[in-house]
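Take a look at the letters that make up each chain.
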Amino acid sequence: DVQLQASGGGLVQAGGSLRLSCTSIGFTFDNYNIGWFRQAPGKDREGVSCITRGDGTTYYTASVKGRFTISNDRAKNTVYLQMNSLKPEDTAVYYCAAIRGFGCTAMAEIYDYWGQGTLVTVSS
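Below is a short write-up of the structure. (Residues numbered from 1 in each chain as written. Predicted model: local features only at pLDDT ≥ 70, side-chain atom pairs only at ≥ 80, totals over all residues. Heavy atoms only, no water.)

Each helix and strand in the protein was counted, giving zero helices and 11 strands. When the helices and strands of the protein are listed from N to C terminus, the series reads β-β-β-β-β-β-β-β-β-β-β. Taking 14 Å as the expected radius of gyration for a compact globule of 124 residues, we find that the protein reaches 13 Å, a close match to that expectation. Each principal axis of the C-alpha atoms in the protein carries an extent, and together these give about 40 × 30 × 25 Å. Here the protein holds 124 residues, and 40% of them are scored as buried. Sequence-distant contacts, at least 24 apart, represent 58% of the contacts inside the protein between residues at least 6 apart. Summing over all exposed atoms, the protein offers an accessible surface of approximately 6,300 Å²; the carbon and sulfur share of this is 48%. When the 11 positive and 10 negative side-chain charges of the protein are each reduced to one mean point, those points stand 5 Å apart. (Helix = DSSP H or I, 4+ residues; strand = E, 2+ residues; numbered from the N terminus. Rg over C-alpha atoms; globule rule 2.2 N^0.38 Å. Buried < 20%, exposed > 50% of the residue type's maximum accessible area, 1.4 Å probe, protein only. Contact = heavy atoms within 4.5 Å. Areas by Shrake-Rupley, 256 points an atom, 1.4 Å probe, with all protein chains shown as cover. Lys, Arg positive; Asp, Glu negative; His and termini not counted. Charge placed at Lys NZ, Arg CZ, Asp CG, Glu CD.)

Structure below.
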């Protein structure tokens, strides 16, 4: 029932790294911008990063800038989120989402397709 699949989450110590992967189910990423969101219990869903389909422009929320990197492997139809220097406050379920068009947005309600998420837990 989901159009995207996020994977790669797990348990990591503060300061460690994880790489999340997002793959499409039944469609290509060619016509979509891909965003990463996260949601901790009791918190709003937060936009983390996004990459445009047109020119590969990337966006990051301030709290992850310099630590996270989003990238797109078109041959594999996969978008990655490399997360370095992880902090306990990064703990959340991470979702990837796809939005049609040439731009990115942090407004979750605008996205067309969502994965089921992958849990990232960062211990202190």
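This structure, assessed with the given rule, holds four salt bridges. Between Asp112 and Arg100 there is a salt bridge whose closest N-O contact spans 3.0 Å. With Asp112 in the loop between β9 (92–100) and β10 (113–114) and Arg100 in strand β9, the pair connects residues that are 12 residues apart, well separated along the chain. (Salt bridge = Lys/Arg side-chain N within 4 Å of Asp/Glu carboxyl O.)

Limitation: the analysis is restricted to geometry and does not speak to function.
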